[in-house]
There are 2 protein chains.
Amino acid sequence: MHVTARADYAARAVIELAARLPAGATRQEIARSQQIPGKFLEAILGDLRRAGILEAHRGATGGYRLVADPVRITLADVIRVAEGPLAAVRGMPPEDVDYPGSAAALANVWIAVRASLRDVLEATTIADVLAKQLPEHVESLLARPDSWARR
Amino acid sequence: MHVTARADYAARAVIELAARLPAGATRQEIARSQQIPGKFLEAILGDLRRAGILEAHRGATGGYRLVADPVRITLADVIRVAEGPLAAVRGMPPEDVDYPGSAAALANVWIAVRASLRDVLEATTIADVLAKQLPEHVESLLARPDSWARR
DNA sequence: GCATAGCCTACTAAGTAAGTAGGAAAACTA
DNA sequence: TAGTTTTCCTACTTACTTAGTAGGCTATGC
């Protein structure tokens, strides 16, 4: 249950590019304003380009620019490009793990975990994050004080 | 967003021990019935013992036995022992990651993700899994057909 | 033609995940 | 008391991820 640096950086790069629309930005500009190691970011931007989320242009006036509307890009889309499927158990989708006898219902718990992750990450768009106006369901999670307890 | 083998195995070991109450089981017995590599399981059982979830006895009639009531052990408890905090971003709790400017609201999304994980994993006890009777909130997630889509 | 900037491959170094190996220590049994 | 069983502990292997570096190639605009 760990958001990797790749996924976090990918999300921030896409948010940064959304903020600069309709213009774009170079790798250096994104790296500096989001404090991401430049060459590491380069690899992530390559994945996002191959996934069709952004486009790149080489040369003196080159850089990256979002192709899709930030309203239509969800955080789930970006995370799947950077990290793979939203929820995996021992590297497999939850329904592929088999549980002998007494632990059978554990698979259902992992499926519920995946569903609740989707409820947050497929509902939240890049435009939502940029506007600091998250979906109702997400805001209601944040409104509960114990959501902020560290544990 | 990945459940490690450690966490999955830990949960299954505790479920297996709950199923065998009031008796216990040896590492070999747990390993065989849950199909977990024996020596790897040994390390995990050691952590669960040090966390006070189970107790161990050496010798010919030795083995492991749950000390707490399965109704009072949540999946979150077990996962925290095996894996650490439920949700981390780049190895840190979400509130410790700082986001420059336009990505500021991203921290809130990670906090909402953690809250929704807690809603599932702190509500579900070992007894629930064993009885195949999950909490209402979890069952209602599973009742939605798109929770079962692979994606 | 030159500077800029993305593209691609390869490498290093540290850390984690998953699993293995072997022996020491404790506890029961004959 | 000797032998068996089982946990306990340290150390190791293998592979992958994270983070970062180096350098050359390719496309683009002035």
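Structural data are supplied above this passage.
This is a predicted model, so every value here is computed, not measured.

Undergrad: Before we go on, may I ask you to explain the protein's contact with DNA strand D in this structure?
TA: By nearness alone, 23 residues border DNA strand D, and Thr4, Ala5, Pro37 and Lys39 of chain A together with Glu42 of chain B come closest of all. Counting only the atoms of DNA strand D within 4 Å of the protein, the fraction contributed by sugar and phosphate is 68%. In this structure, alanine 60 of chain B approaches DNA strand D through a main-chain N or O atom, which is 3.4 Å from a base oxygen. In the model, a phosphate oxygen of DNA strand D is placed 3.2 Å from a nitrogen or oxygen of the tyrosine 64 of chain B side chain. Taken together, the elements giving at least two residues each to the surface near DNA strand D come down to α1 (5–19) and α3 (38–50) of chain A together with α3 (38–50), β2 (54–57) and β3 (63–66) of chain B. The dominant element in the surface near DNA strand D, judged by the number of residues it contributes, is α3 of chain B, at 4 residues.

Undergrad: Help me understand helix α4 (residues 75–83) of chain A, please; the structure alone is not making it clear to me.
TA: Residues three or four positions apart in an α-helix share a direction because the helix packs 3.6 residues into each turn. Within the sequence span of α4 of chain A, burial applies to Leu75, Ala76, Val78, Ile79 and Ala82 of chain A. The arc that holds every buried residue of α4 of chain A, seen down its axis, measures 160°, which confines them to one face. Elements that come into contact with the buried residues of α4 of chain A comprise α1, α3, α5 (106–121) and α6 (126–130) of chain A together with α5 (106–121) of chain B. In the stretch just after α4 of chain A, glycine 84 of chain A is the one whose phi turns positive, near 95°.

Undergrad: Sorry, what's going on with the interface of chain B and chain A here?
TA: Much of the literature gives interface size as the accessible area that the parts lose upon coming together. Across the boundary between the two partners, chain B contributes 68 residues, which contact 68 residues of chain A. Interface of chain B and chain A: buried area, both sides summed, is about 5800 Å²; carbon and sulfur atoms make up 59% of it. Connecting chain B to chain A are 6 salt bridges. Of the charged contacts, one joins arginine 90 of chain A and aspartate 8 of chain B as a salt bridge, the two residues approaching to 3.2 Å between their closest N and O atoms. Remark: the boundary between chain B and chain A carries 34 residue pairs in polar contact (both at pLDDT 80 or more). Among the elements of the structure, β1 (2–3), α1 (5–19), α2 (27–34), α4 (75–83), β4 (88–89), α5, α6 (126–131) and α7 (136–143) of chain B are those that each provide at least two residues to the side of chain B that touches chain A. Ranked by the residues each element gives to the side of chain B that touches chain A, the list is headed by α5 of chain B, at 15 residues. Here the residues of the side of chain B that touches chain A are counted per class, giving 38 nonpolar, 12 polar and 18 charged. Judged from the 2 bridges that link them, strand β1 (residues 2–3) of chain A and β4 of chain B form a sheet pairing that is parallel.

Cut-off values and rules
Every chain begins its residue count from 1, and numbering advances along the sequence as written. As a convention, the first chain written is A and the first ligand written is 1, with the rest following in written order. Only residues with pLDDT of at least 70 get local features here, since the model is predicted, and only at 80 or more are side-chain atom pairs given and counted; chain-wide, interface and lining totals rely on the full set of residues. Side-chain figures throughout are based on the complete set of non-hydrogen atoms in the structure, without hydrogens or water. Whether a residue is near a molecule or strand depends on its heavy atoms: if one lies within 4 Å, it is near. Polar contact criterion, stated in full: a pair of N or O atoms within 3.5 Å, where within protein one must be able to donate a hydrogen and the other to accept it, and residues adjacent in sequence count only if both atoms are side-chain atoms. Under the scheme used here, helices are H or I runs from DSSP no shorter than 4 residues and strands are E runs no shorter than 2 residues, and both carry numbers assigned from the N terminus. Summary of the burial criterion: residues with accessible area below 20% of their type's maximum are buried, those above 50% are exposed, and those between are partly exposed, where the area comes from a 1.4 Å probe applied to protein chains only. What the arc measures is the spread of directions leading from the helix axis to the C-beta atoms. Whether two residues touch is decided by their heavy atoms; if any such pair falls within 4.5 Å, the residues are in contact. Accessible area that two parts lose when put together, evaluated with a 1.4 Å probe and summed over both, is termed the buried area. Salt bridge, as applied in this entry: a Lys or Arg side-chain nitrogen positioned within 4 Å of an Asp or Glu carboxyl oxygen. The classification used treats Ala, Val, Leu, Ile, Met, Phe, Trp, Tyr, Cys and Pro as nonpolar, Asp, Glu, Lys and Arg as charged, and all other residues, Gly among them, as polar. Pairing between two strands requires that DSSP report at least two bridges joining them.

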